[in-house]
Amino acid sequence: MTYYKRFFEELQQDFKAFAYWCGIFMLFRIAFIAIYSGQLNGDYSDIPMALLLGLRLSLKTSGIMMLVGVVFATLPKVFVQRWPSAKLRFAWHTLALIFFSICFMARIPYYKIFNAAFNMMLINGAHDDIYAIFMTAVKEYQLLWRFPLALGLGAVLAYGLKLWLQRIKTVELAAVQHKKLVMALTLPVLAVIAVFVRYGGAFNYANSINWESAARLKSNMLNEAVLDDGQALYRVRDTKRKLAAATNIKISSAQLREEIANAGGDKNAANVEAAFTRTVRQPKLAQQPKNIVLIVGESFGEWPFLPKFKDLGLVDNMLRLQNSANGAHINTMLCHGSGTISAVNGLVSGVPDSSLYENYQSESFKSQYATGIGYVMKQLGYKTVFWYGGFSGWQNIEKFVKAQSFNEFHCADEINDKNGNSWGVPDAVLFSRINEYMQKQDPAEKVFHVVLTTSNHPPYSINVDALGFSRAQVKEKLPADIAKDENTLNELGHIWYADKTMGDFVAQAEKQLPDSLFIITGDHSERFSFAIEQDTRTLSSIPCIFYGQGVQKDWFKENAVGCHMQLAGTLVELLAPAGFTYSAMLPSMFESDFAFNHRLFAQNGEIKEQKNIDAQLQKEINAMRKVAAWRVLKGNEIE
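So, here's what we can say about the structure.

Calculation notes
Residues numbered from 1 in each chain as written. Predicted model: local features only at pLDDT ≥ 70, side-chain atom pairs only at ≥ 80, totals over all residues. Heavy atoms only, no water. Pairing = 2+ DSSP bridges. Helix = DSSP H or I, 4+ residues; strand = E, 2+ residues; numbered from the N terminus. Axes fitted to C-alpha atoms, helices over the stretch in contact; angles between N-to-C directions. Contact = heavy atoms within 4.5 Å. Phe/Tyr/Trp six-rings, centres within 6.5 Å; stacked < 30°, edge-to-face > 60°. Buried < 20%, exposed > 50% of the residue type's maximum accessible area, 1.4 Å probe, protein only. Lys NZ or Arg CZ within 6 Å of the ring centre and 35° of its normal. Expected span 1.5 Å × (residues − 1). Polar contact = N/O pair within 3.5 Å; in protein donor to acceptor, adjacent residues only side chain to side chain. Salt bridge = Lys/Arg side-chain N within 4 Å of Asp/Glu carboxyl O. Patch = residues over 30% accessible without salt bridge, like charges linked within 9 Å, V, L, I, M, F, W, Y side chains within 5 Å. Areas by Shrake-Rupley, 256 points an atom, 1.4 Å probe, with all protein chains shown as cover.

## Description of the sheet that holds strand S6 (residues 408-410)
With respect to topology, seven strands assemble into an open sheet ordered S3-S9-S8-S2-S7-S5-S6, the strand pairing being mixed. Each of the sheet's edge strands pairs with one partner strand only, and the pair in question is strand S3 (327-329) and S6. In this sheet, adjacent strand axes meet at a mean angle of 15 degrees when their direction is disregarded. The pairing of S3 with strand S9 (residues 544-548) spans three bridges and is classified as antiparallel. If you follow His329 over to S9, its bridge partner there is Ile545. Helix H17 (residues 486-512) contacts strand S2 (291-297), strand S8 (517-522) and S9 of the sheet and is inclined by roughly 170 degrees relative to S8.

## Remarks on the pairing of strand S13 (residues 600-603)
Inspection of the sheet shows strand S12 (residues 594-596) paired to S13 by three bridges, in the antiparallel sense. When the sheet's bridge partners are listed, Phe594 is paired in S13 with Gln603. Taking the residues between adjacent antiparallel strands as the criterion, S12 and S13 are bridged by three residues. As defined by bridge partners, S13 adjoins strand S14 (residues 606-609) across four bridges and the pair is classed as antiparallel. For Leu600, the partnering residue across the bridge sits in S14 and is Glu609. Turn length for the S13-S14 hairpin, with the two strands adjacent in sequence and antiparallel, is two residues, and the turn residue Asn604 shows positive phi of about 55 degrees.

## Quick look at the packing of aromatic side chains
The final tally for this structure, using the stated rule, is 34 aromatic pairs. Centre to centre, the rings of Phe386 and Phe409 are 6.0 Å apart; their planes meet at 20 degrees, and the pair counts as stacked. Here Phe386, found in strand S5 (residues 383-388), pairs with Phe409, found in strand S6; they are 23 residues apart in sequence, far enough to count as distant. Across the pair, Phe409 and Phe386 agree in class, each one buried. Between Phe469 and Trp496 the ring centres are 5.8 Å apart and the planes differ by 50 degrees, which places this aromatic pair in the tilted class. One end of the pair, Phe469, is in the loop between strand S7 (447-452) and helix H16 (471-477); the other, Trp496, is in helix H17, and 27 residues separate them in sequence. For the pair formed by Phe469 and Trp496, the shared burial category is buried. Connected via pairs of aromatic rings, a cluster forms that spans Trp21, Phe25, Phe99 and Phe100. Across the ring face of Tyr382, the terminal group of Lys446 is positioned such that the distance to the ring centre comes to 4.6 Å.

## Some details on the sheet that holds S14
Taking strand neighbours across the sheet as the criterion, the three strands line up as S12-S13-S14 in an open arrangement whose pairing is antiparallel. Both outer strands of the open sheet, S12 and S14, are each paired with one neighbouring strand and no more. Across this sheet, the average inter-strand angle for adjacent strands is 20 degrees, counted without regard to direction.

## Topic: helix H20 (residues 615-634)
Over its 20 residues, H20 runs 28 Å from end to end, which matches the ideal 28 Å to within 8%, given 1.5 Å per residue. One side-chain oxygen of the residue at the start of H20 lies 3.0 Å from the amide nitrogen of Gln616, identifying that residue as Asp614. Gly635 lies just past H20 and shows a positive phi near 100 degrees.

## Quick word on the pattern of salt bridges
Taken as a whole and assessed by the stated rule, the structure comprises 24 salt bridges. Across the pair Glu224 and Arg235 runs a salt bridge whose closest N-O atoms are separated by 2.8 Å. With Glu224 in helix H8 (residues 220-226) and Arg235 in helix H9 (residues 229-246), this residue pair connects regions lying 11 residues apart in the sequence. One network of salt bridges, in which partners are shared, links Asp465, Arg471, Lys475 and Glu486.

## A short note on a nonpolar patch on the surface
On the surface, Tyr3, Phe79, Val80, Trp83 and Leu88 cluster together into a nonpolar patch covering about 510 Å² of accessible area. Relative to the elements of secondary structure, Tyr3 occurs in helix H1 (residues 2-35).

As C-alpha cells, then:
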C-alpha cells in the first residue's frame, strides 16, 4: 500500500505537468499564428482546426515531457522514500521550458526566412560559417534581445509551473473512498491514456496524427503552426533519417547494378559514371565561345520575374537578357537544395542531393566527378575558374572546387574592401575583379567562369538607395502580397542590387569579349518573406537564363523543366562536337521530361512536392540517390 500511495500521488504531479505543457504549446501556437496572421489574407476559418490539430499533436510532445518525469522522479520515489522527486521533476521541466522558449523565439525569424518552423536547414547550418551566422543573427534577427528574452520567458514559465504544481491539490490515496477499485484500474487506465497520447488523440494509427499527416490545411503558415517545436525538430531528425535510408549504400554490387537500371542507367557498365554515358548528336552552338560565365546569384529566385511582380522593376536587367533576341530560358527550374552549398555541390558534383555534403566527403578529394560541371568543361578544353564573393574557408569551398577540376579559385580573401560584411565583399566589387581578369585574358584561351555571389543575403548591408534603388516607387507598386515596412523594402533593394550588378557585369564583359556566353541562375529561393502565402513556384523556383551570340529563343519548350545538376550536360549539348560522350544522371534540359531536388519535383512545367509523386518516378529518383550515395562515399567502381 505504501508503494502504491507514493506512486499514485507522484503520478498526479506528472499529469499536472503534462496538462501544463499542453497549455504552453497551445500558447506558443496562438502567438505564432497572431504574429503571421497577415499571411491568411483575412481568411481565419481554418484557425480552430489548426489549434485542434496542434493540440492533438502536442499530446505526443507533452507526453514525452511527462514520461521523463515519471522515469526519473516518480518511479525512483516509489522505491526510495527519500528520493528528491519534486526537485528533480521541477529541474527537468524548468530546463525543458527554457529550451522550448529559446526554440519559440528562434522560430519567429526562422519561419520568416525559410517559411517553415524548423527544417533541414538546421543540418546545413551546422556546417556553415558559424561566425557569419552569429553576426547575421545579431544584426538582422535581434539575437541580443531575443536570447535573453527567451531565457526570461523560460524562467517565467517555470515559475508558473511551480505555482501550478503547488496550488492544484493532489488527492491523497487515504482520502479516496474506493481505494481498491482505484488501484485495480490505475494500470489499465494508464495504458489507455498512453495509447491515446501516442496516437495524438486517437486509438489507432489510421486515425492518428503525426508531423507528416499534420499538413491538412490550405495555409502553409497554419500547417507549420500545428507543429510545436518538439515536433518540428523531430521532423528534421526524421527527414534526415529517411533520406539516409533512401541513400543507404549497404548494398552489394549486384544490388547497385539493379539500382543503376532503376535509375535509367546501363547496369552492365564498367563503373557508375559509365552507366550514365550520353552522346552529343549535334551541338546547339556552331562555334564555341571563348568566354563562358555561369552566374549563381545568392537567393536569386524566379518570383520577381513572374507577371504578378515583374512591374516592381527588381530584375529589369535579367528580364531584358531573358527576352532579348539572343536569350533563352527555362520556365521551370529547381535549385539543388535549400542552401547555397547545396547549389555548389549540385553543380560541382553533378549528382542528386543525398544530404551527404560532397564538399566534406573524402572521396571528393580522391577522384573527380565526371558528372560535374568543372570536369566536363575541362574536357571541352576550357580553363575553369571559380569566383566566390565570400571567404575560402566557408564550407571547405576552395579545397572542394580545386579538387573537382577547377584550375583557379578566387574569393574575398584576395580583396581588401571596407564595404563588405561577415559574408564577403559586395557583388559589384567581385564583378569588377572578374572584369579586370577578363581584360588580361589570353585571346586564344577558352575560359569557363563560375561566379557565386553573396550580397543578396542578411544582413543586407549595401546602401542600395545611394546606388539608385527607387524605394518610394517600389513601395507604391507593392501588391498586398508584400509588406511595405522598411526592412522588406531593404531586402527588395538587395534583389534589385543583385540584378543591377549582374546586368552591369554582363554589359561590360560583352564589350570586352563579344562572343561570351552567359548563364544566370540562383543558388536557391524560399528566403523572401511574403506577407501573404504563395504557391510552390513563387516560393521555390529559380531563373535559368542563357544569353549570348548564337542563343536561340526556341531552344527550350514552354513546359521545359530543369535543375542544377543538369547544367553540366546542357552546356555539353550546347558546345561539344557531335559524337562527344559525357556522363550525366539526368538528360540535358533540352530533352528532360522531369527534374527533382531534395524535396520537390518538376514535370510538364509544374512543381510539386515529392510526397505527391508517381510511385514509379519516386522509385527512379530514390534509385538515383542510392547510386549517387555510392559514388560519393565509395567511389566510381562498382565491384
